[in-house]
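For reference, the chains in residue letters:
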Amino acid sequence: MSDTPLLELEDVHAFYGSAHILEGVSFSMGLEAIALIGRNGMGKSTLCNTIMGLCDDVRGSIRVGGVELSGKAPYIVAAAGVGYVPQGRRLFPSLSVDEHLRMIRAPGKGRWNPSEVYKLFPRLAERKRISATQLSGGEQQMLAIGRALLLNPQLLIMDEPSEGLAPTIVENVIETCHSLVGEGMGILLVEQNLGVATSVAERQLVMVSGHIAAETTADQLRDDPDAQRRYLGVESVSTH
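Read on for a plain summary of the structure. Along each chain, residues carry numbers from 1 onward, in the same order as the chain's sequence is written. In view of the model being predicted, local features appear only for residues whose pLDDT reaches at least 70, and side-chain atom pairs are presented and counted only at 80 or more, with totals across whole chains, interfaces and linings using the full set of residues. For side-chain calculations, the full set of non-hydrogen atoms in the structure is used, while hydrogens and water are omitted.

Observations regarding helix α6 (residues 137-149)
1) Next: Secondary structure elements follow DSSP: runs of H or I no shorter than four residues count as helices, runs of E no shorter than two count as strands, and numbering proceeds from the N terminus. A helix's residues, less one, multiplied by 1.5 Å, set its expected span. For α6, with 13 residues, the first-to-last C-alpha span of 19 Å sits near the 18 Å given by 1.5 Å per residue.
2) Next: Among the 13 residues that make up α6, twelve are buried, leaving the element largely enclosed by the rest of the structure.
3) Next: Within the span of α6, buried status applies to Gly 138, Glu 139, Gln 140, Gln 141, Met 142, Leu 143, Ala 144, Ile 145, Gly 146, Arg 147, Ala 148 and Leu 149.
4) Next: We call two residues contacting when some pair of their heavy atoms lies within 4.5 Å. In this structure, the buried side of α6 is in contact with β6 (82-85), α3 (97-102), α4 (114-120), α5 (122-126), β7 (155-159) and α7 (167-182). The buried label goes to any residue with under 20% of its type's maximum accessible area, the exposed label to any with over 50%, and the partly exposed label to all in between, with areas taken from a 1.4 Å probe on protein chains only.

Structure below.
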């Protein structure tokens, strides 16, 4: 097997105008799940956007499978095998569920197509003809995940996938992540819900003020209330 990391960031900086948001971010990952945790405003979503080519002013190296992607357009990043489930889902109000899933045609053959997405999320099959705006929050999240999977990515970036969801739906998201990693996909999970983050990933990266301040494990974080308060301002770990 190749020793080349699936994703590798080296001294990545990102700016919005004069604001210096990411300040020297470096980490690497393989075909695994890792979680990026931190309070609001620490730069987590900016990191997702930077990897996906959605931030204009970027410095440093971003490599996927050894291929340099820093500064590349989003469609090039997607073609390199990176899927993105953005915060807020970003669905198209004018399109039905099925139209969302039919609009993407990934090159070559892969595991994921609309039929496989409907098997993963049977509720979407029941509601395939309705507008995405008429879906519940959980159904919208299923659709956002399904849409990203149609690219048959090696790496799936998920930004706050549990946000605003009922506990039973959150458990479904966790199970989906475990299933995808089990099939050989890498997942970079951005989460403020520490219970979700520690349920999905053993590796936990802590972002503070635009840089990776610490790396720990799910078990260590569960057993350290002081670290939970320091990094996220929470009193206990829960998926709810």
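Observations concerning the sheet that holds strand β4 (residues 57-64)
For sheets, the rule is that strands pair by backbone hydrogen bonds, running either parallel or antiparallel.
1) Next: In short, DSSP must find at least two bridges between two strands for them to pair. Taken together, the four strands give an open sheet; going across it, the order is β2-β1-β4-β5, and neighbouring strands pair in antiparallel fashion. At either end of the open sheet lies a strand with only one pairing partner, and these are β2 (19-29) and β5 (67-68).
2) Next: Here eight bridges tie strand β1 (residues 7-16) to β2, and the two strands are oriented antiparallel to one another. When the sheet's bridge partners are listed, Leu 9 is paired in β2 with Phe 27.
3) Next: On the sheet, helix α1 (residues 44-51) packs against β1, β2 and β4 and is oriented at approximately 110° with respect to β1. To obtain an axis, a line is fitted to C-alpha atoms, over the contacting stretch when the element is a helix, and the angle between two such axes runs from 0 to 180 degrees between their N-to-C directions.

As for the pattern of salt bridges
Once their charged atoms are close, side chains differing in charge can pair, the charge on each being opposite to the other.
1) Next: In what follows, salt bridge is the name for a side-chain nitrogen of Lys or Arg lying within 4 Å of a carboxyl oxygen of Asp or Glu. Counted by the stated rule, this structure contains 15 salt bridges.
2) Next: Residue Arg 63 pairs with Glu 10 through a salt bridge whose shortest N-O separation is 3.3 Å. With Arg 63 in strand β4 and Glu 10 in strand β1, this pair connects stretches of sequence that are 53 residues apart.
3) Next: On the basis of relative accessibility, which here comes to 44%, the residue Glu 10 falls in the partly exposed class.

Re the side chain of Gln 228
1) Next: Relative to the helices and strands, Gln 228 is located in helix α10 (residues 225-232).
2) Next: Taking relative accessible area as the criterion, Gln 228 reaches 2% and is therefore assigned buried.

Section: the pairing of β4
1) Next: Relative to β4, β1 is paired through seven bridges, and the arrangement is antiparallel. What sits directly across from Glu 10, in β4, is Ser 61.
2) Next: Examined bridge by bridge, β4 and β5 share two bridges and lie antiparallel to one another. Within β5, the position partnered with Arg 63 by the bridge is Glu 68.
3) Next: Taken together, β4 and the strand that follows it, β5, pair antiparallel across an intervening segment of two residues, in which Gly 65 is found at a positive phi of about 60°.

Any functional reading would require information that these geometric values do not contain.
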